[in-house]
Amino acid sequence: MYRRDDPLRVLHELNSALYDSFEYVPKSTKVDSPIDDAIRNQQGVCQDFAHIMIALVRTLRIPCRYVSGYLHRRVEDHDRSTDGATHAWVEAFLPQLGWVGFDPTNHLVAGDRHLRTAIGRDYADVPPTKGVFRGETASQLSVAVRVTASEVAPEIDQGLPVPEDWSVLVEKAQKAPPKPASPPQLAQQQQQQ
């Protein structure tokens with residue numbers, strides 16, 4: 001593919017070509033799988049589609065970025081991505097239009113159904129669980145997300161599953177004083193930040 005006078009058209013064509021050339025297969029790759037795996041097998045998940053498109057768009061010298069978030073699914077839509085899971089797409093910068101989103105997984109231009117939570121160069125910049133952990137070594141993370149259309153703000157925790165021992169966990173966290181980090185742990189925590 002070569003860069004033409006109309007970068008928007010090129011991006012639309014690339015979005016279509018990726019949708020047509022790759023099959024969406026949940027769990028076919030992992031978060032740390034190289035894009036070579038998805039290219040070789042011609043299948044992957046939304047982050048693979050986004051990474052491949054970013055690699056191609058950057059060779060055309062069009063600024064682009066990785067977007068992480070969610071996709072609101074409606075009954076009438078025929079989205080390939082998994083309902084309720086995080087989603088990824090690409091935004092490319094076009095001087096006359098600004099940042100324009102492309103979703104090669106679902107062959108869409110990002111719109112009001114795409115809910116952005118983070119942007120970065122690639123997945124490594126915006127994983128949903130990135131952060132610094134302080135405390136006991138044994139831990140468990142529980143997450144529940146539901147994406148629905150609404151004209152008013154929803155009530156907090158409305159209808160989301162809450163772990164049975166949630167109050168016990170919060171109570172323990174409030175009572176336990178933080179343990180001071182040893183010099184090697186402190187250095188590691190600072191490097192992670």
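Keep in mind the model is a prediction, meaning the values are calculated, not measured. (Residues numbered from 1 in each chain as written. Predicted model: local features only at pLDDT ≥ 70, side-chain atom pairs only at ≥ 80, totals over all residues. Heavy atoms only, no water.)

Asker: It is not clear to me how the packing of aromatic side chains should be interpreted in this structure. Could you clarify?
Answerer: When we look at a pair of aromatic rings, we describe it by the centre distance and by the angle of the planes. A full pass over the atoms with the stated rule returns three aromatic pairs. Judged by centre distance (6.1 Å) and plane angle (70°), the ring pair of Phe-22 and Phe-49 falls under edge-to-face. Of this pair, Phe-22 sits in the loop between helix H1 (7–21) and strand S1 (23–24) while Phe-49 is found in helix H3 (residues 46–59), placing the two residues 27 residues apart along the sequence. A relative accessible area of 12% places Phe-22 in the buried class. Given a relative accessible area of 3%, Phe-49 falls into the buried group. (Phe/Tyr/Trp six-rings, centres within 6.5 Å; stacked < 30°, edge-to-face > 60°. Helix = DSSP H or I, 4+ residues; strand = E, 2+ residues; numbered from the N terminus. Buried < 20%, exposed > 50% of the residue type's maximum accessible area, 1.4 Å probe, protein only.)

Asker: How should H3 be read in this particular structure?
Answerer: An α-helical turn contains 3.6 residues, so any two residues separated by three or four positions project in the same direction. With 14 residues, H3 should reach 20 Å at 1.5 Å per residue; the first-to-last C-alpha distance of 20 Å fits that figure. Among the 14 residues in H3, 10 count as buried, and that is most of the element. What H3 keeps buried is the set Cys-46, Gln-47, Asp-48, Phe-49, Ala-50, His-51, Ile-52, Met-53, Ile-54 and Val-57. (Expected span 1.5 Å × (residues − 1).)

Asker: Please clarify how the sheet that holds strand S7 (residues 114–120) should be interpreted in this entry.
Answerer: Strand pairs in the sheet, formed through backbone hydrogen bonds, run parallel or antiparallel to each other. Here we have five strands laid out as an open sheet, ordered S6-S5-S4-S3-S7, and antiparallel in their pairing. In the strand order of this sheet, the two ends are held by strand S6 (108–109) and S7, each with one partner. Pairing analysis gives five bridges linking strand S4 (residues 87–94) to strand S5 (residues 98–103), with the strands arranged antiparallel. Across the sheet, Val-90 pairs through a bridge with Phe-102, a residue of S5. This element, H3, spans strand S3 (64–71), S4 and S5 of the sheet and lies at about 160° to S3. (Pairing = 2+ DSSP bridges. Contact = heavy atoms within 4.5 Å. Axes fitted to C-alpha atoms, helices over the stretch in contact; angles between N-to-C directions.)

Asker: Quick question: what am I supposed to make of the packing of H1 against H3 here?
Answerer: In helix packing, the relevant descriptors are the interaxial angle and the interaxial distance, both defined with respect to the helix axes. Interhelical geometry of H1 versus H3 gives an angle of 140° and a closest axis separation of 11 Å. Handedness of the crossing formed by H1 with H3: right-handed. Counting all contacts with H1, which are made through Leu-11, Leu-14, Asn-15 and Leu-18, the residues of H3 involved are Phe-49, Ile-52, Met-53, Leu-56 and Val-57. Tallied by class, the residues present in the contact of H1 with H3 amount to eight nonpolar, one polar and no charged. (Left-handed = near helix turned anticlockwise from the far one by under 90°. Nonpolar A, V, L, I, M, F, W, Y, C, P; charged D, E, K, R; others polar.)

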